[in-house]
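# Reading the structure
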Amino acid sequence: MRIIDLLVSGLTLGAIYALVALGFHLVYRMTGVLDFAQGDKVIIGGLLGLTLVRQGLDTILLVALLVLIAGLLLGIAYDALVILPTQNNGHIATIAATVGIMLVFANGGHLIWGPDGKPFPPVHRGVLEIGEMRIGYQDLLIWVVVIGVAIGLALLLGRSRVGRGMVAAATDPLAAQAVGINVSRMRAIAFALAFGLAALAGVLVAPITLAGGTLGTALTLKGFTGAVLGGLASTRGVIVGAVLLGVIESELAAVIPNSYVDPIVLIALIIVLLVMPNGLFGLRRQRLA
């Protein structure tokens, strides 16, 4: 029974990491840049949701939808104001800019909403009982959203015209421009989706982790670790890697002190990358602009 409870907890933790990891994946596939503001975007999403709740909007699913839309718009602005002005100076300059924005989001959130985490109402407070196994409806919602996002991204990138344009723009920008694909627009869509997913994740996890607080850096680290573990260039890989990380963390935390869990996980990551540099399900990095 204890093992099942830990598995449920680990799957939920891994699903949270997966939403962050997918943001890393989208931006990396599109631009070759690592966006280290992903975790703090999750925190901002939770705080925006909390603001809507405090204004009297008590339908959490509607709150999540509005925060998702806000995240998409913020992602477009993020690309225009942060990424585009730095991209001609190389990837290092762009990555440094994302670290700067991470600090802006973290400190700005503390100034506006305060430094402490705040209670956030769940979509449903009930628990689903299957035999002796108990699964919170909030956990189920997170799992369903991650599965839905994974299927949606697979269809978007593999079946839709926009998705094919994004892949073409990422693979060979010059050739994509030659056939009429707007590379800048494709990149903006990628950043919009990354920010939108992070903001949505903020609303989904806030009932579990509280809204706001100082978890942004930790979420960035765990999401990035999960993405690299599975393969940063693979949609399937980042999801599997993040979920695997969550399950491993949950199981380790039951047998060793929490302070030892992160070092052990990071050591394991290093070992995996020494053997498989592209991650467990990684694709070889293609040339990106």
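The shown structure was predicted, so the numbers you read here are calculated from the model rather than taken from an experiment.

This part covers the packing of helix H5 (residues 137-159) against helix H8 (residues 183-209). Interaxial distance between H5 and H8 falls to 10 Å at its minimum, and their mutual angle equals 170°. Looking at the two axes, H5 sits roughly antiparallel to H8. Contact with H5, carried on its side by Gln138, Asp139, Leu141, Ile142, Val145, Val149, Leu153 and Leu156, involves Leu193, Leu197, Leu200, Leu204, Pro207 and Ile208 of H8 and no other residues of that element.

Attention now goes to the UniProt feature "transmembrane region" (unreviewed entry) in the chain. Mapped onto the present numbering, the UniProt feature "transmembrane region" (unreviewed entry) falls on residues 7-28, 60-84, 91-113, 140-158, 189-212, 224-248 and 260-283. Across residues 91-113 one finds 100% helix and 0% strand; the C-alpha atoms that close the span lie 32 Å apart. A helix fraction of 88% and a strand fraction of 0% characterise residues 189-212, whose end C-alpha atoms lie 26 Å from each other.

A word on helix H10 (residues 235-253). With 19 residues, H10 extends 27 Å from end C-alpha to end C-alpha; this agrees with the ideal 27 Å at 1.5 Å per step. For H10, every residue scored as buried is listed here: Thr235, Gly237, Val238, Ile239, Gly241, Ala242, Leu245, Gly246, Val247, Glu249 and Ser250.

Once that is clear, we can look at a nonpolar patch on the surface. A surface patch of nonpolar side chains, amounting to about 950 Å² of accessible area, comprises Val240, Leu244, Ile248, Ile267, Ile270, Ile271, Leu274, Val275, Met276, Leu280 and Phe281. If you list the elements that add at least two residues to the nonpolar patch, you get H10 and helix H11 (258-275). Note that Val240 resides in helix H10.

Relative to the helices and strands, His25 resides in helix H1 (residues 2-31). Sequence separation between His25 and Phe224 is 199 residues, and the spatial gap between their C-alpha atoms is 9.0 Å. With near-sequence residues (within four places) excluded, His25 lies in contact with Leu232, Ala233, Ser234, Thr235 and Val238.

The topology assignment puts Ala192 in helix H8. On the basis of relative accessible area, Ala192 is assigned to the buried category, the value being 8%. Put simply, Ala192 and Thr209 are 17 residues apart on the chain and 24 Å apart in space, counted from C-alpha to C-alpha. For Ala192, the contacting residues outside a window of four places in its chain are Gly71, Leu72, Gly75 and Ile76.

On to the pattern of salt bridges. If you walk through the whole model with that rule in mind, you get four salt bridges. One salt bridge in this structure joins Arg187 and Asp79, with 2.7 Å as the shortest N-O distance. Here Asp79 lies in helix H3 (residues 60-83) and Arg187 lies in helix H8, a separation of 108 residues in the sequence. Here the two residues Arg187 and Asp79 agree in accessibility, since each one is buried. A salt bridge links Lys222 to Asp262; the shortest N-O distance between them is 3.1 Å. Here Asp262 lies in helix H11 and Lys222 lies in helix H9 (residues 216-230), a separation of 40 residues in the sequence. Shared partners join several salt bridges into a network, and the residues in it are Lys222, Glu249 and Asp262.

Calculation notes
- Residues numbered from 1 in each chain as written.
- Predicted model: local features only at pLDDT ≥ 70, side-chain atom pairs only at ≥ 80, totals over all residues.
- Heavy atoms only, no water.
- Axes fitted to C-alpha atoms, helices over the stretch in contact; angles between N-to-C directions.
- Helix = DSSP H or I, 4+ residues; strand = E, 2+ residues; numbered from the N terminus.
- Parallel < 35°, antiparallel > 145°, perpendicular 65-115°, else oblique.
- Contact = heavy atoms within 4.5 Å.
- UniProt positions renumbered as here; feature names shortened; annotations may be inferred.
- Expected span 1.5 Å × (residues − 1).
- Buried < 20%, exposed > 50% of the residue type's maximum accessible area, 1.4 Å probe, protein only.
- Patch = residues over 30% accessible without salt bridge, like charges linked within 9 Å, V, L, I, M, F, W, Y side chains within 5 Å.
- Areas by Shrake-Rupley, 256 points an atom, 1.4 Å probe, with all protein chains shown as cover.
- Salt bridge = Lys/Arg side-chain N within 4 Å of Asp/Glu carboxyl O.

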